[in-house]
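# Structural characterization, general
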Amino acid sequence: MPARQESCCFTGHRPAKLPWGYNERDPRCVRLKERIADAVLLAYQEGYRHFLCGMAQGCDLYFCEAVLALRERYQEVTVEAAIPCPTQADAWPEAERDRYRELVARCDMETMVSDTYSSTCMQRRDRYIVGHAMLLIAAFDGRPGGTARTLEYAALRKLEIIQLPIDRAPAGI
C-alpha cells in the first residue's frame, strides 16, 4: 500500500449537479478538466505519486483520466480505483458503464470498499480515500451533498485541500 504522505484523493460533483450535465464539450467542462489536469500535475510536482479515485460519474472520471494521462508521462504514478460497491455503475447509461470499466481496468489497483450496496457505501468510499491520502483535490461549487461532506471530513483529518471552482455561468459568457 502506498504511503499516505505521497497519496492524493479527489472529490467532485456528478453530472446531475454540473451545469453542463453530460455535455463534456461544453467550454465550462473543458476548462474544469484543464484545471483538474493542472492540479494533478501540481500534486505530482509536490511529491504525490499515488492517486485515489472514487470512480463516480462526472468529476471523478475526469480526475481518473487526468491521472492516467499523467502516468503516461511519469511511470512512477499509480492510480487506485476506490469502488464503493460492485454495482456502482449498473444503472449508468451504457457509454458511461463502458468508460467506467475501461478506466477501472487501466488503474494499477482496485479497492472494493463494500461487498454490497448500502445507503452508506458511498460515504464509506469517501472516508476510505480521505483516510489514505494527505491531499484532497475538490471540484466543488459550495452546494450541500456528498462532495461537501467529503471536504468537511478531509478538513477534520487535516488534509491539504485544493478547491477547483465550477463555472456555473451559461456557456459562452
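Residues numbered from 1 in each chain as written. Predicted model: local features only at pLDDT ≥ 70, side-chain atom pairs only at ≥ 80, totals over all residues. Heavy atoms only, no water.

Side chains of strand S2 (residues 50-53) alternate between two faces, with His-50 and Leu-52 and Phe-51 and Cys-53 buried alike. As defined by bridge partners, strand S1 (residues 7-12) adjoins S2 across three bridges and the pair is classed as parallel. What sits directly across from Cys-9, in S2, is Leu-52. Handedness of the crossover joining S1 and S2 through helix H1 (residues 27-45) is recorded here as right-handed. For the crossover from S2 across helix H2 (residues 59-73) to strand S3 (residues 78-83), the handedness is right-handed. (Buried < 20%, exposed > 50% of the residue type's maximum accessible area, 1.4 Å probe, protein only. Helix = DSSP H or I, 4+ residues; strand = E, 2+ residues; numbered from the N terminus. Pairing = 2+ DSSP bridges. Right-handed = clockwise from strand over helix to strand, strands pointing away.)

With that settled, consider the pairing of strand S5 (residues 135-139). In summary, the side chains of a regular strand alternate between the two faces of the sheet. Counting buried positions along S5 gives five out of five residues, so the element sits mostly inside the fold. In terms of strand pairing, S1 meets S5 through five bridges, oriented parallel. Residue pairing in the sheet places Cys-8 in a bridge with Leu-135 of S5. With five bridges joining them, S5 and strand S6 (residues 160-164) adopt parallel strand pairing. From the neighbouring strand, Ala-138 faces S6, where its bridge partner is Gln-163. Since S5 and S6 lie parallel, the crossover through helix H5 (residues 146-156) that links them has a hand, and here it is right-handed.

The values are spatial; any link to function lies outside them.
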